[in-house]
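Structural overview
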Amino acid sequence: MAQAYMTETGGGTGPDRRGSRLRSLYERLRRDGGIWRRGILTAALAVVVALVMLMHARIPNSIGNTGSLVETFLPWFGVAFVPLLLVLALVRRSATALIAVLLPLVVWLNLFGGLLGDKTGSGGDLTVATHNVNAENPDPTGTARDVAASGADVLALEELTAYAVPVYEQALASTYKYHSVQGTVGLWSKYPLSGVRAVDIRLGWTRAMRATVSAPEGTVAVYVAHMPSVRVKLAAGFTARQRDTSADALGEAIADETLSRVILLGDLNGTMNDRSLNAVTSQMRSTQGAAGSGFGFSWPASFPLARIDQIMVRGVQPVSSWTLPRTGSDHLPVAARVRVTTP
């Protein structure tokens, strides 16, 4: 009696085969005694990065404003360092480093995870925009045309020069019936302006203003500000004393505002994380943080690294916030849609 024998060929891809591979990998790792000892330096770096992000508010500003410098670029600690540390941990095949990398990742997600989602809504009854147009802008007419095309009802411009002001006035005249320029900042509006005045931010010249915008949905106090520039110098660190003094003065002016609805538009030369802007940020909400998508970085325009151009509100509901396309400036314009009326 003949018997037939059947022989399986091929490696197979079933559960048993996959399970065998996992067991084999586990055994190799278990026999690798250095898996916990390797990558100690990478693990230590991961812990340092996590501590810097977690304790950023305790980093002193007494030496070169180090704390403010760290806070300005705080989001990049996770974006840049966590992937790099993860690659190093994998290259070193270090379990210790892989576990340590989770620390900065968790801290970063706790700080900035809320910005990753899209919080933009619909509706609103007032659109505002702000743009540092750059004193050396080679195409002020094109820049004016671009920001006007955003559909903003109220538009703030900063870093205006005496030469460029007439150019912007002419280019924006058909879109905005009302406007005022105070020093190097200006406000253009489709709705009547009143109570226009310069705001003293302790510079000796005018870089901030205030006006009442009589929108159909209600009156709003609109502030336009351009904080002094900051510099990073090897000898002096993050030089921002003049910016900080001006921020305190602006915060005092906003705190004394009698109208309940307030909008701040401008280049603050600092981010919402920078403690030196607390006089302003502690009493207002960022439209990007409340109703934007992502970080909304605005500077430098060629490769945005930080959001130093801000739209902040008090007594007004943010609905959406976004950056506009690049113009002839080194900043990106930013815009927001808000709800002035109270439901």
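Here the residue index of a chain counts from 1 through its sequence in written order. Residues qualify for local features only when their pLDDT is at least 70, as the model is predicted, and side-chain atom pairs are given and counted only at 80 or more; totals for whole chains, interfaces and linings, by contrast, use all residues. The side-chain quantities take in all heavy atoms of the structure and omit both hydrogens and water.

1. Overview of the overall build of the protein chain
By the criteria applied, helices consist of DSSP H or I runs no shorter than four residues and strands consist of E runs no shorter than two, each listed in order from the N terminus. The secondary structure content of the protein chain amounts to ten helices and 14 strands. Burial classification: accessible surface area is computed with a 1.4 Å probe over protein chains only, and a residue below 20% of its type maximum counts as buried, one above 50% as exposed, and the rest as partly exposed. Relative to its full complement of 343 residues, the protein chain shows a buried share of 47%. Here a residue-residue contact requires only that any non-hydrogen atoms of the pair lie within 4.5 Å. Considering only residue pairs separated by 6 or more positions, the protein chain has 68% of its internal contacts joining residues 24 or more positions apart. Accessible area of the protein chain: about 17,200 Å², with a carbon and sulfur share of 58%. Areas reported as accessible are Shrake-Rupley estimates using a 1.4 Å probe. Residue values count occlusion only from the protein chains shown.

2. Some remarks on unusual backbone geometry
Residue Trp 299 is joined to Pro 300 through a cis peptide bond whose omega torsion reads -10°. Counting through the fold element by element, Pro 300 comes out in the loop between helix H10 (287-291) and strand S12 (309-314). Positive phi values are uncommon outside glycine, yet Arg 202 reaches one of about 60°. Following the sequence through the fold, Arg 202 ends up in the loop between strand S5 (193-198) and strand S6 (208-215).

3. Notes on the confidence of the model for the protein chain
Keep in mind that low pLDDT regions are not for reading the predicted coordinates in detail. Of all residues in the protein chain, 87% have pLDDT values of 70 or greater, and the mean over the chain is 89. What pLDDT conveys is the predictor's confidence in a given residue, as a value from 0 to 100. Counting contacts from residues 4-11, a segment whose pLDDT is below 50, to residues more than four positions away or on other chains yields one contact.

4. A word on the packing of aromatic side chains
Within 6.5 Å between ring centres, the rings of Phe, Tyr and Trp (the latter by its six-membered ring) count as paired, and their orientation is classed by plane angle as stacked under 30 degrees, edge-to-face over 60, tilted in between. Applying the stated criterion across every chain yields a total of six aromatic pairs. Judged by centre distance (5.7 Å) and plane angle (25°), the ring pair of Trp 76 and Phe 297 falls under stacked. With a gap of 221 residues between them, Trp 76 in helix H4 (residues 75-92) and Phe 297 in the loop between H10 and S12 connect regions that are remote in the sequence. For Phe 297, a relative accessible area of 19% translates into the label buried. Taking 6.2 Å as the distance between ring centres and 50° as the angle between the ring planes, the aromatic pair formed by Trp 108 and Phe 295 counts as tilted. Of this pair, Trp 108 sits in helix H5 (residues 95-112) while Phe 295 sits in the loop between H10 and S12; the two residues are 187 residues apart in sequence, bridging distant segments of the chain. For the pair formed by Trp 108 and Phe 295, the shared burial category is buried. One aromatic cluster in this structure is built from Trp 76, Trp 108, Phe 112, Phe 295 and Phe 297.

5. A short note on the environment of Ser 194
Structurally, Ser 194 is set in strand S5. With relative accessibility at 34%, the residue Ser 194 sits in the partly exposed group. Distance from Ser 194 to Val 213, taken between C-alpha atoms, is 6.8 Å for residues 19 residues apart in sequence. In contact with Ser 194, not counting residues within four places along its chain, are Arg 210, Ala 211 and Thr 212.

6. A word on the packing of helix H2 (residues 40-54) against H5
Note on geometry: axes are C-alpha line fits, over the in-contact stretch for helices, and angles between N-to-C directions span 0 to 180 degrees. Across the interface, H2 lies against H5 with an axial gap of 8 Å and an inter-helix angle of 15°. The angle between the axes of H2 and H5 places the two elements in the roughly parallel class. Our pair here, H2 against H5, has a crossing hand that is left-handed. Counting all contacts with H2, which are made through Ile 40, Thr 42, Ala 43, Ala 46, Val 47, Val 49, Ala 50, Met 53 and Leu 54, the residues of H5 involved are Thr 96, Ala 97, Ala 100, Val 101, Leu 103, Pro 104, Val 107, Trp 108 and Leu 111. Polarity classes work like this: nonpolar for Ala, Val, Leu, Ile, Met, Phe, Trp, Tyr, Cys and Pro, charged for Asp, Glu, Lys and Arg, and polar for all others, with Gly in that last group. Among the residues making up the contact of H2 with H5, the classes are represented as 16 nonpolar, two polar and no charged. Note that the term roughly parallel is reserved for angles under 35 degrees, roughly antiparallel for angles over 145, roughly perpendicular for angles of 65 to 115, and oblique for everything else. The sense of a crossing depends on the near helix, which, turned anticlockwise from the far helix by less than a right angle, makes the crossing left-handed and, turned clockwise, makes it right-handed.

7. A closer look at the nonpolar core
One broad trend across soluble globular proteins is that nonpolar side chains are buried collectively. Only buried residues count toward a nonpolar core. Its members are Ala, Val, Leu, Ile, Met, Phe, Trp, Tyr and Cys residues joined through side-chain atoms within 4.5 Å. Membership of the largest hydrophobic core comes to 24 residues, with the highest contact counts inside it found for Leu 126, Val 128, Leu 187, Ile 263 and Leu 265. Of all the elements in the fold, those that place two or more residues in this core are strand S1 (126-132), strand S2 (154-158), strand S4 (185-189), S6, strand S7 (218-226), strand S10 (262-267), S12 and strand S14 (334-339). Looking at which element gives the most residues to this core, the answer is S6, with four residues.

8. Observations concerning the sheet that holds strand S11 (residues 285-286)
Between any two strands, pairing holds if DSSP finds at least two bridges. With mixed pairing, six strands are arranged side by side in an open sheet as S5-S6-S7-S10-S12-S11. Looking at strand neighbours, the two that pair on one side only are S5 and S11, the edges of this open sheet. Taken together, the eight bridges between S6 and S7 define a ladder with antiparallel strand orientation. Looking across to S7, one finds that Ala 211 is bridged to Val 222. On the sheet, helix H8 (residues 241-255) packs against S7, S10 and S12 and is oriented at approximately 170° with respect to S7.

9. Some words on the pattern of salt bridges
Salt bridges, as used here, are contacts in which a Lys or Arg side-chain nitrogen is within 4 Å of a carboxyl oxygen on Asp or Glu. Taken as a whole and assessed by the stated rule, the structure comprises seven salt bridges. The salt bridge partner of Arg 337 is Asp 153, with a shortest N-O separation of 3.8 Å. Taken as a pair, Arg 337 in strand S14 and Asp 153 in the loop between helix H6 (140-148) and S2 lie far apart in primary sequence, 184 residues in all. We classify Asp 153 as buried; its relative accessible area is 9%. Residues Asp 244 and Arg 243 are paired through a salt bridge, measuring 2.7 Å at the closest nitrogen-oxygen approach. Residue Arg 243 is classed as buried on the basis of its relative accessible area of 0%. The network of salt bridges with shared partners includes Asp 153, Lys 190 and Arg 337.

10. With respect to H8
In this model, H8 (15 residues) spans 21 Å end to end at C-alpha, consistent with the 21 Å of a helix rising 1.5 Å per residue. Taken together, the buried positions of H8 are Arg 243, Asp 244, Ser 246, Ala 247, Ala 249, Leu 250, Gly 251, Ala 253 and Ile 254. Each residue after the first adds 1.5 Å to the expected span of a helix.

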